[in-house]
Amino acid sequence: MNDKQIKAALEVFSEKWKPIIIYHLIHDGKKRYSEIQKLVPEINKRMLTLRLKELEDDKVINRISYPEVPPKVEYEITDYGASLAPVLILMNEWGKDHAKGKDIGFAHEDNPGNVCFALTTMKTIEGKWKPLIIMHLMKDTLRFNELLDCISTTKRTLSIHLKELEEEKLIARNVYNEVPPRVEYSITEYGKTLEPLLERISEWGDKHFNHNM
């Protein structure tokens, strides 16, 4: 499990709308543009076209044009894209457990019908730094400056992410009664439940990195 693999994977499928598009193409099969739009009704045409193009460029989906009048175009998941299914299943399971008894606060358009709890997981660990913070704290308890060295972000960004992860009970902030004060961050038992998921994301990221070499 390393930074590069996790970043590579998340860049492919973590942007808004992508998980729900991938989810439907895996579970519902081949779809026309208009059918995808009905499944995710609040996405505008420009954004849907952009997301489909990005997924096609990453070889996650295929665009199939039929020589018909009027023109017929369908989208389907590729074998490579289908390899994301185990990742999305783990994300869905973790997200469903995490959402129990909580108001996750998704806008309807982000996840119509709450069919894809992978989005709950995305929202919990969203951003390119949170998964890396969790990953490093799974290895060791670290002080703020040590984390800063590990992920090379700004102090403000790191502070915000640490606070949000602490509020989600994924990490703990430990303050020691010393002079000068010593503060360390550690992964919680609940945070450790993300390890199988991050391992799977890392594995897929490695595959994606090598696939596009």
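Residues numbered from 1 in each chain as written. Predicted model: local features only at pLDDT ≥ 70, side-chain atom pairs only at ≥ 80, totals over all residues. Heavy atoms only, no water.

Draft legend 1. View of the overall build of the chain. Scanning the chain for helices and strands turns up 12 helices and six strands. Counting every position in the chain, which comprises 213 residues, the buried fraction comes to 45%. Intrachain contacts of the chain at a sequence separation of at least 6 include 61% that bridge at least 24 residues. (Helix = DSSP H or I, 4+ residues; strand = E, 2+ residues; numbered from the N terminus. Buried < 20%, exposed > 50% of the residue type's maximum accessible area, 1.4 Å probe, protein only. Contact = heavy atoms within 4.5 Å.)

Draft legend 2. Highlighting the nonpolar core. Grouped together as the largest cluster of nonpolar side chains are 54 residues, with contacts concentrated most on F13, I21, I134 and I201. Examining the composition of this core, we find that six residues originate from one element, helix α8 (residues 130-139), more than from any other. Non-local contacts of F13, meaning those with residues more than four positions away in its chain, are made with K18, P19, I22, L84, V87, M91, M122, I201 and W204. (Core = buried A, V, L, I, M, F, W, Y, C linked by side-chain atoms within 4.5 Å.)

Draft legend 3. Geometry of the sheet that holds strand β4 (residues 142-143). Spatially, three strands are ordered β4-β6-β5 in an open sheet, and the strand pairing comes out antiparallel. Each having just a single partner strand, β4 and β5 (171-176) make up the two edges of the open sheet. Bridging between β5 and strand β6 (residues 182-187) involves six bridges; their strand directions are antiparallel. Paired with A172 across the bridge in β6 is S186. Helix-sheet contacts for α8 involve β4, β5 and β6, and the interaxial angle to β6 is about 95 degrees. (Pairing = 2+ DSSP bridges. Axes fitted to C-alpha atoms, helices over the stretch in contact; angles between N-to-C directions.)

Draft legend 4. View of the packing of aromatic side chains. Counted by the stated rule, this structure contains two aromatic pairs. On the numbers, 5.4 Å between centres and 20 degrees between planes, the contact of Y80 with W204 is stacked. With Y80 in helix α5 (residues 79-82) and W204 in helix α12 (residues 195-211), this pair connects stretches of sequence that are 124 residues apart. For the pair Y80 and W204, a shared accessibility class is recorded, and that class is buried. With a centroid separation of 5.7 Å and an interplanar angle of 20 degrees, the aromatic rings of W94 and Y190 are classed as stacked. Taken together, the positions of W94 in helix α6 (residues 85-99) and Y190 in helix α11 (residues 189-192) put the pair 96 residues apart, joining distant regions of the chain. Note on W94: relative accessible area 8%, which makes it buried. In this structure Y190 comes out as partly exposed when scored by relative accessible area, which is 30%. When the ring centre of Y66 is taken as reference, the NZ or CZ atom of K72 above it lies at 4.7 Å. (Phe/Tyr/Trp six-rings, centres within 6.5 Å; stacked < 30°, edge-to-face > 60°. Lys NZ or Arg CZ within 6 Å of the ring centre and 35° of its normal.)

Draft legend 5. The arrangement of the side chain of S186 in detail. Its location among the elements puts S186 in strand β6. Here the side chain of S186 touches N174 through a polar contact of 3.1 Å, side chain to side chain. Dropping the residues within four chain positions of it, S186 is found in contact with L137, T141, I171, A172 and N174. (Polar contact = N/O pair within 3.5 Å; in protein donor to acceptor, adjacent residues only side chain to side chain.)

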